[in-house]
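The residues making up each chain are set out below.
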Amino acid sequence: MKTCLIVDDSKVIRKVARHILETLDFQVDEAGDGREALDRCEAKMPDVVLLDWNMPVMSGMEFLKLLRQRGHSDQPKVVFCTTENDMAHIRAALEAGADEYVMKPFDRETLHIKLQLVGVA
């Protein structure tokens, strides 16, 4: 079973994403900010990270840069999931090591397609 770490400071978004991912047969873990997510990745690397941009403590971008710098051999796929929709944000995320980008609000079909594109669904 594939694993996904949902990183978002919104409990509602985490709940919705968890429900969708579980219907797609993912084992799901959650983190409320980038620092907590980094700790979870150090404990057990997921197959994919669904990552919010704007969070307290550590932003999604800070998390992504630190995750990629650590150079683990089992790097997860990272799908940014955010309301930031301008090309500059999307380009910055991809340059920092994100694999895909999905806009909030999203639905099951959209998320499933993005996960297929990165090769985990």
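Residues numbered from 1 in each chain as written. Predicted model: local features only at pLDDT ≥ 70, side-chain atom pairs only at ≥ 80, totals over all residues. Heavy atoms only, no water.

An unreviewed UniProt entry annotates the chain as Response regulator of Sphingomonas edaphi.

Draft legend 1. Inspection of the environment of aspartate 47 at higher detail. In this structure, aspartate 47 sits in the loop between α2 (34-43) and β3 (48-51). We classify aspartate 47 as partly exposed; its relative accessible area is 30%. Setting aside its immediate chain neighbours within four residues, aspartate 47 contacts Met1, Lys2, Thr3, Pro76, Lys77 and Val120. (Helix = DSSP H or I, 4+ residues; strand = E, 2+ residues; numbered from the N terminus. Buried < 20%, exposed > 50% of the residue type's maximum accessible area, 1.4 Å probe, protein only. Contact = heavy atoms within 4.5 Å.)

Draft legend 2. View of the pattern of salt bridges. For the structure on display, the rule yields 10 salt bridges. Among the salt bridges present, the one from lysine 104 reaches aspartate 8, with a minimum N-O distance of 2.7 Å. Linking lysine 104 in the loop between β5 (100-103) and α5 (108-117) with aspartate 8 in the loop between β1 (2-7) and α1 (11-23), this pair joins segments that are 96 residues apart in sequence. Under the relative-accessibility criterion, lysine 104 is labelled buried at 18%. (Salt bridge = Lys/Arg side-chain N within 4 Å of Asp/Glu carboxyl O.)

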